[in-house]
Each structure stands twice: as structure tokens, then as C-alpha cells.
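Fold and contact review
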Amino acid sequence: MDDIYPSRHAKVAEFLPRLDPVVHSDWNEDAPISMSQAEQFDRDGYLVLENLFSDEEVTFLQREAGKLLSDPHALEEETVISEPESREIRSIFRIHAQSPVIARLAADQRLADVARFLLDDEVYIHQSRLNYKPGFQGKEFYWHSDFETWHVEDGMPRMRALSMSVLLAENTPHNGPLMLVPGSHHSFLTCVGETPEDHYRTSLKRQEYGVPDEDSLAELAHQHGIVAPTGKPGSVVIFDCNIMHGSNGNITPFPRANAFLVYNAVSNRLVTPFGVDKPRPEFIAARGEPQPIVPVSGPLAEEVLI
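Here we summarise the structure given alongside this text. Per chain, residue numbering runs from 1 following the sequence as it is written. Selection of residues for local features in this predicted model requires a pLDDT of at least 70, selection of side-chain atom pairs for listing and counting requires 80 or more, and totals for whole chains, interfaces and linings are taken over all residues. Side-chain metrics rest on all non-hydrogen atoms present in the structure, leaving aside hydrogens and water.

Overview of the overall build of the chain
Selection rule: Counting from the N terminus, the helices are the DSSP runs of H or I reaching at least four residues and the strands are the DSSP runs of E reaching at least two. Within these notes, the globule rule equals 2.2 Å times the number of residues to the 0.38 power, and the radius of gyration is based on C-alpha atoms. In what follows, a contact means two residues having at least one pair of non-hydrogen atoms within 4.5 Å. We get accessible surface area from the Shrake-Rupley algorithm with a probe of 1.4 Å; when it comes to residues, only the shown protein chains can shield them. Asp and Glu are treated as the negative residues and Lys and Arg as the positive ones, with His and the ends of the chain left uncounted. A single reference atom marks each charge: NZ on Lys, CZ on Arg, CG on Asp, CD on Glu.
Along the chain, the regular secondary structure elements total seven helices and 12 strands. In summary, the chain has a C-alpha radius of gyration of 18 Å against a globular reference of 19 Å for 306 residues, a match within 12%. Along the first, second and third principal axes, the C-alpha atoms of the chain reach 55 × 50 × 40 Å. Within the chain, residue pairs in contact and separated by at least 24 positions form 86% of the contacts whose partners lie at least 6 positions apart. Total accessible area on the chain is roughly 13800 Å²; 49% of this is exposed by carbon and sulfur atoms. Taking the average location of the 26 positive side-chain charges in the chain and that of its 47 negative ones, the two points are 4 Å from each other.

Some details on the sheet that holds strand E8 (residues 178-180)
Counted only if it meets this: The rule for pairing is simple: two strands pair if DSSP sees at least two bridges between them. Axes here refer to lines fitted to C-alpha atoms; in helices the fit is confined to the stretch in contact. Angles between the N-to-C directions go from 0 to 180 degrees.
One open sheet accounts for three strands, arranged E6-E11-E8; its pairing is antiparallel. Strands at the two margins of the open sheet, each flanked by one partner only, are strand E6 (141-145) and E8. The mean inter-strand angle of the sheet, taken between neighbouring strand axes irrespective of direction, is 20°. The pairing of E8 with strand E11 (residues 244-247) spans three bridges and is antiparallel. Directly across from Met-179, in E11, lies its bridge partner Gly-246. Across the sheet, helix H5 (residues 146-154) lies against E6 and E11, angled at about 70° from E6, the strand it touches most.

Things to note about helix H2 (residues 55-70)
Applicable threshold: Take the residue count of a helix, subtract one, and multiply by 1.5 Å to get its expected span. Relative accessible area decides the class of each residue, using a 1.4 Å probe on protein chains only: under 20% of the type maximum gives buried, over 50% gives exposed, and in between gives partly exposed. Directions pointing from the helix axis toward each C-beta atom define the arc.
Its 16 residues give H2 an end-to-end C-alpha distance of 22 Å, which sits within 8% of 22 Å, the value for a rise of 1.5 Å per residue. Along H2, the positions that sit buried rather than exposed are Glu-57, Val-58, Phe-60, Leu-61, Glu-64, Ala-65 and Leu-68. Along H2, the residues classed as buried sweep out an arc of 160° about the axis, all on the same side. The exposed set on the far side of H2, more than 90 degrees from its buried face, consists of Asp-55, Glu-56, Arg-63, Lys-67 and Ser-70. Those residues of H2 hidden inside the fold are in contact with strand E4 (89-93), helix H3 (100-107), helix H4 (109-119), strand E5 (123-133) and strand E7 (161-167).

Topic: the pairing of E6
Note on strand geometry: in a regular strand, side chains alternate between the two faces of the sheet. Counting buried residues in E6 gives four out of five residues, a clear majority hidden from the surface. Bridging between E6 and E11 involves three bridges; their strand directions are antiparallel. Residue Phe-141 lies in a different strand from E11, and its bridge partner there is Ser-247.

A closer look at the sheet that holds strand E10 (residues 236-240)
Read across the sheet, seven strands follow the order E2-E10-E7-E12-E5-E4-E3 without closing on themselves; strand pairing throughout is antiparallel. Across the chains shown, the open sheet's two edge strands, defined by having one partner strand only, are strand E2 (46-49) and strand E3 (80-82). Along the sheet, successive strands turn relative to each other by an average axial angle of 20°, direction set aside. In the sheet, E3 pairs with E4 via three bridges, with the strands oriented antiparallel. Looking at the pairing, Ile-81 lines up with Ser-91 of E4. Running over the sheet, H2 touches E4, E5 and E7 and is turned about 70° from E5.

Details of the packing of aromatic side chains
Put simply, the rule is: Ring geometry is summarised as follows: Phe, Tyr and Trp rings, the Trp one being its six-membered ring, pair when their centres sit within 6.5 Å, and such pairs are stacked at plane angles under 30 degrees, edge-to-face over 60 and tilted between the two. Comment: the charge-over-ring label is applied if NZ (Lys) or CZ (Arg) is within 6 Å of the ring centre and within 35 degrees of the ring normal.
Per the counting criterion, the structure on display carries five aromatic pairs. Judged by centre distance (6.0 Å) and plane angle (85°), the rings of Phe-93 and Phe-283 are edge-to-face. Linking Phe-93 in strand E4 with Phe-283 in the segment after strand E12 (256-265), this pair joins segments that are 190 residues apart in sequence. For Phe-283, a relative accessible area of 5% gives the class buried. Chaining the aromatic ring pairs together yields one cluster made of Tyr-5, Phe-147 and Phe-188. Here the basic side chain of Arg-90 rests over the ring of Phe-141, its NZ or CZ set 3.9 Å away from the ring centre. One cation-aromatic arrangement involves Arg-129 over Phe-260; the distance from NZ or CZ to the ring centre is 4.0 Å.

Here's the deal with the side chain of Thr-190
So the rule is basically this: We define a polar contact as two N or O atoms separated by no more than 3.5 Å, with the added condition that, inside protein, one atom must be a possible hydrogen donor and the other a possible acceptor, whereas residues neighbouring each other in sequence contribute only through side-chain atom pairs.
As for its position among the elements, Thr-190 is in the loop between strand E9 (187-189) and helix H6 (200-203). Residue classification places Thr-190 among the buried residues on the basis of a relative accessible area of 6%. In this structure the side chain of Thr-190 is engaged in a polar contact, spanning 2.9 Å, whose partner is the backbone nitrogen of Glu-14. Beyond its immediate stretch of four places on either side in the chain, Thr-190 contacts Pro-6, Ser-7, Val-12, Ala-13, Glu-14 and Leu-16.

See below:
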């Protein structure tokens, strides 16, 4: 397959044109989001949905997150990633396969239908994780485009994927919220530096390859600005696979947590990676025959778990 988004090959970074749509469907009155929301996602590359879940549903999700974080030994060992300089949990990967609650969340019609509309296809979970940024100790996530890594290291062919961050704690301007460069998704910024073997073993803690150069980042920031969507627990931040994003460290006493779900179009299933010899493990990037999500309606509650 031709590589239309080559990265980590040249000695100098460059901006390449985006060759894929952002919103793949034409809006209609039956769409799960409004026309203005679809236009915002197309223009800015992100969207915040509020009040999707009831207080009881949010409490249910928070209780599950607390249970998972309190007993990491009950999980698949390789999926639990700690902070670079401590044993604090940073992320738990493949969480939808280890938690029936998160599996039900990923299939929830309120999320899955939005993903299916924006991508105009059946969807499956490419990656899922529980992100946790503890008070005082939570480290930053450096600037990056997810697609650059998913393309180079996983073999995702095209920009037909998106992420949903379901906030499980209040995100304030102070506790290391997600930061985005709106509009940056309209071009593809290549990265420099050859990818080391088994790069994921270090990149999940601190990424040093597949990160943009500072001059290009400054150009994007001066051109588009930086936003940091905040919100109460239960808010959902949806963002395009190619938008430049990151987050600061958390030096407040208030932890930040979110359930992170990556929906990929079934037609965009992974192929041979475009920049490494060996793809990343299954717990980071789902390979093989995709299992399309069948959206489920109704409240999130113990008695309706799938």
C-alpha cells in the first residue's frame, strides 16, 4: 500500500496536505449531532458534548475507575503503565476488554452513533485506556498527533478515526486538562528520527520519537492558538485523529481521570506498519479482523452490562 503520509524518514519536518475528509458523512436531520456541531468538528477538529450521562451513570463510571485503579494486579500486567519516575498508574490499556462497564460505555449509542456518523462507517475500538493523572505527581503528555504514531507504528492507513475522552473527574484549567491546537488537523506534520525497536516500551511513559519539532509546533500555535476544554465529570471531548494535542503536568491536589476510547472505521483496519518492522502489541492497537460495535441504548447500570 502506498504511504500517502510518510513520516520519520526525512531529516527535516514538513507539513503535508490532508488527503482525507474530517467529517465523512453529509449532515442530515437524523444525525446524532447538530449541524453546527458537525461544522465545528470539521473546522476545529474537536467537539465537547455535555450532559450525555446522568449523575447516577457518572457515579457508576467513577466507581468502576476507582476499582480498576485500586487493584492493578487483577489486570493484565502489560496493560498497566506507570509514571516515568514513580509507581503511580498513568494508564491502563485495553480497558474495554478488561472491564464490562467500559465495554458497555464503548458500545453506548450516545457515543458509538456519533463515531459512526463522523466516520460514515461501522466502527470498532482501535485502542482504549483509562488515563489517570494523580494530584501532585501526574506528568505531562507531550504534544503529538495520534495518527502519526498510529500510521507509522500500527499501520493505520487513513485519517478515518477519532478519540473520545469521557471525563471521570472535573477537568479544570489547573489540573492538566487536555490541550488542543484547533485547526491543526487540516495538515499532516511529519516527524524526524528513526523509530527504535519496541519503542512502545518507553513511549507509553514518555514519548521521545514521533513528537513534532518545536519550530513547527510554534508555527501551529501562532496560527491557530491553543484551547483547553474543561468540564464536569461525564463531559465527552471528541477529537480528530490528526489534531495536535497534549497536556501539562498536574501539580494541584486534584486528580484528573478519563476513559479514553479510540473508534476506527472498519474500512480503515490496520495493515503493515508504515515505518517500523514490527507492529505494536495488540493491547495498544487492535489488529486482525475488526469486530464492529453494535450500539446499545439505555442507561449505564449494573443490571444492563453486556
